[in-house]
Amino acid sequence: MGDERNKPDSRGFIDPQVALKSIIGDYGEIMEEYGGYRVEVIDHMTFPWASVFKLLLRIGHEVWVDTDGEKLFIVSKPKTD
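**Q** Would you explain the packing of aromatic side chains in this entry?
**A** Working definition: an aromatic ring pair is given by the centre-to-centre distance plus the angle between the planes. Under the definition given, this model contains two aromatic pairs. Relative to Phe 53, the ring of Trp 49 lies with its centre 6.0 Å away and its plane at 40°, an arrangement referred to as tilted. Placement of both Trp 49 and Phe 53 in helix H2 (residues 49-58) is noted, with a separation of four residues, approximately one turn of the helix. Look at Trp 49 and you get partly exposed, because its relative accessible area is 22%. With a relative accessible area of 24%, Phe 53 lands in the partly exposed category. Three or more aromatic residues joined by ring pairs make a cluster, and in this case those are Phe 47, Trp 49 and Phe 53. One residue, Arg 38, lies across the ring of Phe 73, its end atom 3.7 Å from the ring centre.

Criteria and cut-off values
- Residues numbered from 1 in each chain as written.
- Predicted model: local features only at pLDDT ≥ 70, side-chain atom pairs only at ≥ 80, totals over all residues.
- Heavy atoms only, no water.
- Phe/Tyr/Trp six-rings, centres within 6.5 Å; stacked < 30°, edge-to-face > 60°.
- Helix = DSSP H or I, 4+ residues; strand = E, 2+ residues; numbered from the N terminus.
- Buried < 20%, exposed > 50% of the residue type's maximum accessible area, 1.4 Å probe, protein only.
- Lys NZ or Arg CZ within 6 Å of the ring centre and 35° of its normal.

Shown next, in the form of structure tokens:
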């Protein structure tokens, strides 16, 4: 039996973290953090930047790009009202 998180719910939604993992593949690592996500970019040349940004913005997140030493990260959090 497949992972239920990979299937749309009754409203047609898929878990955003599962969708991000599918988009990012081996080009990054994703961690849930404070209601949002922290994505370490492993291969910045082949990383699917546009697809990741589009998904995060579509789910109503604010998005930043940051560095930690030599590592590049995408950080997101839900928008506040």
